[in-house]
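Structure at a glance
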Amino acid sequence: MQFGKNLAARMPMQTMFGSVAKDGDQMFVAVPENKTLEFYQYLRGYGLCFTVDCRGFCEDNVFCFGGDENRDMLDVIVGKFRIRE
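**Quick word on the overall build of the protein**
A count of helical and extended segments in the protein gives four helices and four strands. For the protein, the succession of helices and strands along the chain, N to C, is α-α-β-β-α-β-β-α. Here the protein holds 85 residues, and the buried ones make up 36% of them. Surface exposure of the protein reaches about 5,400 Å², of which carbon and sulfur atoms provide 50%.

Structure representation (structure tokens):
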């Protein structure tokens, strides 16, 4: 499923937390600001290759993955992380 170039305009970030969205060759996961460091450390344990797009202080952040990552595996890994508590 393609979400278009402007993910935030098409789907509010709140509903994207904990979900893998795909746009072209990249996959994205939105994370609340207060979970960014914990999620970063969690993902590093799996050896995934990603970048973090920091939206600013006290803003939600987006983890970006290349198209070479396995989408099914990424869905499982992200799904096991407790983004909302």
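Moving on, there is more to tell.
**Here's the deal with the nonpolar core**
Among the nonpolar cores identified, the biggest contains 17 residues, and Val29, Phe39, Leu43, Leu48, Phe63, Phe65 and Leu74 are the most heavily contacted of them. The greatest single-element share of this core, amounting to four residues, is contributed by strand β2 (residues 26-31). Filtering out sequence-adjacent residues up to four positions away, Phe65 remains in contact with Asp25, Gln26, Met27, Val29, Leu43, Leu48, Cys49, Phe50 and Leu74.

**Comments concerning the sheet that holds strand β1 (residues 21-23)**
In spatial order, the strands read β1-β2-β4-β3; together these four strands make up an open sheet with antiparallel pairing. Here the strands that pair on one side only, and so sit at the sheet edges, are β1 and β3 (50-54). Averaged over all adjacent pairs, the angle separating strand axes in this sheet is 30°, with direction ignored.

**Here we look at helix α3 (residues 36-44)**
Those residues of α3 that sit buried are Thr36, Phe39 and Leu43. The buried side chains of α3 occupy one side of the element, clustering within an arc of 65° when seen end-on. Exposed positions of α3 whose direction lies more than 90 degrees from the buried face are Leu37, Gln41 and Arg44. The secondary structure elements touched by the buried residues of α3 are β2, β3, β4 (61-65) and α4 (71-80).

Cut-offs used in this document
- Residues numbered from 1 in each chain as written.
- Predicted model: local features only at pLDDT ≥ 70, side-chain atom pairs only at ≥ 80, totals over all residues.
- Heavy atoms only, no water.
- Helix = DSSP H or I, 4+ residues; strand = E, 2+ residues; numbered from the N terminus.
- Buried < 20%, exposed > 50% of the residue type's maximum accessible area, 1.4 Å probe, protein only.
- Areas by Shrake-Rupley, 256 points an atom, 1.4 Å probe, with all protein chains shown as cover.
- Core = buried A, V, L, I, M, F, W, Y, C linked by side-chain atoms within 4.5 Å.
- Contact = heavy atoms within 4.5 Å.
- Pairing = 2+ DSSP bridges.
- Axes fitted to C-alpha atoms, helices over the stretch in contact; angles between N-to-C directions.
- Arc of directions from axis to C-beta.

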